[in-house]
Amino acid sequence: MSTLRAGAAQIEITPKDSQFLLGYPHVERYSTGVHDPLWASALYLSDGKERTLFVANDIIFIAKKNVLQARKRIEEQTGVSAANIMITSSHTHSGPHTVGYVSFEADPAVPDPDPEYVRFLEDCIVEAAVKAVENAQPAKAGLAIADDTGVGTNRRDPSGPADHNVPVLMVKNAETDANIACMLVCSMHPTVIHEDISLVTGDFPSLARQYLQRNVVGEECPVVYHMGPSGNQSPRHVTKANTFEEVERIGQILGRAVEKALPGISYSSELVVSVKNTELADLPRKTFPDVAEAQAKLEKAVERLETLRITGESKQETRTAECDWFGAEETLTMAKMATTGRLDEAYESVLPAEIQIIKVGDWSFAGWQGEVFIEFALAVKEQAENSFVISLANGEMQGYLVTEEAALEGGYEASNSLFSFEAGGVFVEKTLELMK
């Protein structure tokens, strides 16, 4: 007799009107159409004692306040504890603007988020979760590790730290073998499409989902896609162009990798589900330069970018320099805010930061807020077997969690961060404590 029960659902979150597409600065980028639909995809699991929900969303960010509201509503309607619900973002840079980001406040091209769309998104998250619970049935599940080599690399150094292991949790009906859900975690920025395209798209994760639903798991089987730690991971060095042809090619690499891994799964209906949470009331905060120093850094970044454009360097190196220019601008914005106390509001919007661990059988999925460098997740995996970090889980951090090396280098990611490089280490330490 199966003790595991599972249900899944997918609700479309594609905007019904023109929305500002957040992901790239200095461009008034309002959507002019839809290339592929965006989804809220939910997976419910229960072992008869503990109940949990994963809700993954094709969106750039979800604010912590909206996560808390959605969790409360889901708990009221399903009885699943709010603390046992993980809500994540895929981080597509070609979907609606949903979070007020302090580093964008000085950019005249970026408007405030549309509150009507944000309400719609929250409603859809709740609806997907409730339907997943309603769809619960006797289930069995198993895990495979896919290899997504070819999807991308380290953003700043193609030979640098990366993680091409993609955990795939496949859930089936225990009696009929019908597919219930396919959940995966891919550590890569979904940024094949750039600012010159104004169509709504989930980028390569959406095309991976389409490949799997059309060729492998079935159209009715939700593909619950989470972004792993990808703060310094990008398709920049593997794409031939920033086109939808490349979106499909990269998406199919991931889809086929998952397809190849599925036959090796061993399924079980006797899996224990457990959930643990902790909150980090505060984290080491970054010390911002004074305004004059930040201005000088910006001028230096602009000079370097102009030099690369004149000398005809590779598009990848030029793009990295362009991002560093964006980061220098954002540092200047935040340096000015630091003198007025405005940054305190940003800290209050993301703290306390949550760490959530959902364990299914022998597999632990650790949800971390924020855009996290891969080195921190690799440190967890090194010390805790069958452990996988999911980033942008249950909120965001108004920027990146970077390594000390990145902070010293001072590139885009470190420039666009509210917290010291020491914050990532705190996430690692507290996660390992929870797992023990």
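### Side note on the sheet that holds strand 5 (residues 51–57)
Ordered by their spatial adjacency, eight strands build an open sheet running 6-5-4-1-8-10-11-13, and the pairing between neighbours is mixed. Looking at which strands have only one partner, the edges of the open sheet turn out to be strand 6 (85–89) and strand 13 (223–227). Averaged over all pairs of adjacent strands, the angle between their axes in this sheet comes to 20°, without regard to strand direction. Across eight bridges, strand 1 (residues 5–12) lies against strand 4 (residues 39–46) in antiparallel orientation. Looking at the pairing, Q10 lines up with S41 of strand 4. Sitting on the sheet, helix 1 (residues 64–78) touches strand 5 and strand 6, and the angle it makes with strand 6 is about 140°.

### A look at the pattern of salt bridges
Enumeration according to the criterion identifies 15 salt bridges in this entry. Of the charged contacts, one joins E246 and R249 as a salt bridge, the two residues approaching to 2.8 Å between their closest N and O atoms. Taken together, the positions of E246 and R249, both in helix 4 (residues 244–261) and three residues apart, correspond to about one turn of that helix. Taking the relative accessible area as the measure of exposure, E246 reaches 6% and is therefore buried. The salt bridge partner of E345 is R342, with a shortest N-O separation of 3.4 Å.

### Some details on the packing of helix 1 against helix 2 (residues 115–134)
Packing of helix 1 against helix 2 brings their axes to within 9 Å, and their N-to-C directions diverge by 35°. Every pair of crossing elements has a handedness; the one defined by helix 1 and helix 2 is right-handed. Along the contact surface, helix 1 presents N66, Q69, A70, R73, I74, Q77 and T78, while helix 2 presents V118, E122, D123, I125, V126, A129, V130 and V133. Within the contact of helix 1 with helix 2, the residues separate by chemical class into eight nonpolar, four polar and three charged.

### As for the pairing of strand 5
Where burial is concerned, most of strand 5 is hidden: six out of the seven residues are buried. Relative to strand 5, strand 4 runs antiparallel, the two sharing seven bridges. Paired with L43 across the bridge in strand 5 is F54. With antiparallel pairing between neighbouring strands as the criterion, strand 4 and strand 5 make up a hairpin whose turn holds four residues, including G48 at a positive phi of roughly 95°. Inspection of the sheet shows strand 5 paired to strand 6 by five bridges, in the parallel sense. Directly across from N57, in strand 6, lies its bridge partner S89. Tracing the backbone out of strand 5, into helix 1 and back to the parallel element strand 6 gives a crossover that is right-handed.

### Here we look at the sheet that holds strand 19 (residues 387–390)
Pairing within the open sheet is mixed, and its four strands lie in the order 15-16-17-19. The open sheet is flanked by strand 15 (273–280) and strand 19, the only strands paired with a single partner. For this sheet, the mean inter-axis angle between neighbouring strands, taken without regard to orientation, is 15°.

### Overview of the nonpolar core
L283, L343, W368, L418, F419 and F427 are the most contacted members of the largest nonpolar core, which has 40 residues in total. Listed by contribution, the elements that provide at least two residues to this core are helix 6 (315–338), helix 7 (342–350), strand 16 (353–360), strand 17 (363–368), helix 8 (374–383), strand 20 (400–401), helix 10 (412–415) and helix 11 (422–435). In terms of residue count, the dominant contributor to this core is helix 11 (six residues).

Definitions and limits used
Sequence order sets the numbering: in each chain, residues are counted from 1 along the sequence as written. Local features are withheld for residues below a pLDDT of 70 in this predicted model, meaning they are given only at 70 or higher, and side-chain atom pairs are given and counted only at 80 or more; totals for whole chains, interfaces and linings count all residues. Calculated side-chain values reflect all of the structure's heavy atoms, with hydrogen atoms and water omitted. Note on pairing: DSSP must find at least two bridges between two strands before they are called paired. Numbering of helices and strands runs from the N terminus; a helix is a DSSP stretch of H or I covering at least four residues, while a strand is a stretch of E covering at least two. For helices, the fitted line uses only the C-alpha atoms of the stretch in contact; every axis is such a line through C-alpha atoms, and the angle between N-to-C directions lies from 0 to 180 degrees. Should any heavy atoms of two residues lie within 4.5 Å, those residues are considered in contact. Each reported salt bridge corresponds to a side-chain nitrogen of Lys or Arg within 4 Å of a carboxyl oxygen of Asp or Glu. A 1.4 Å probe rolled over the protein chains alone gives each residue an accessible area, and that area as a share of the maximum for its type sets the label: buried under 20%, exposed over 50%, partly exposed in between. By definition, any crossing whose near helix is turned counterclockwise from its far helix by less than a right angle is left-handed, and any crossing with a clockwise turn is right-handed. All residues other than Ala, Val, Leu, Ile, Met, Phe, Trp, Tyr, Cys, Pro, Asp, Glu, Lys and Arg, Gly among them, are scored as polar; the first ten of these are nonpolar and the last four charged. By the criterion used throughout, a crossover qualifies as right-handed when its path from the first strand across the helix to the second strand runs clockwise, the strands pointing away from the viewer. Within this scheme, the nonpolar core is defined by two criteria: the residues are buried Ala, Val, Leu, Ile, Met, Phe, Trp, Tyr or Cys, and they are joined through side-chain atoms within 4.5 Å.

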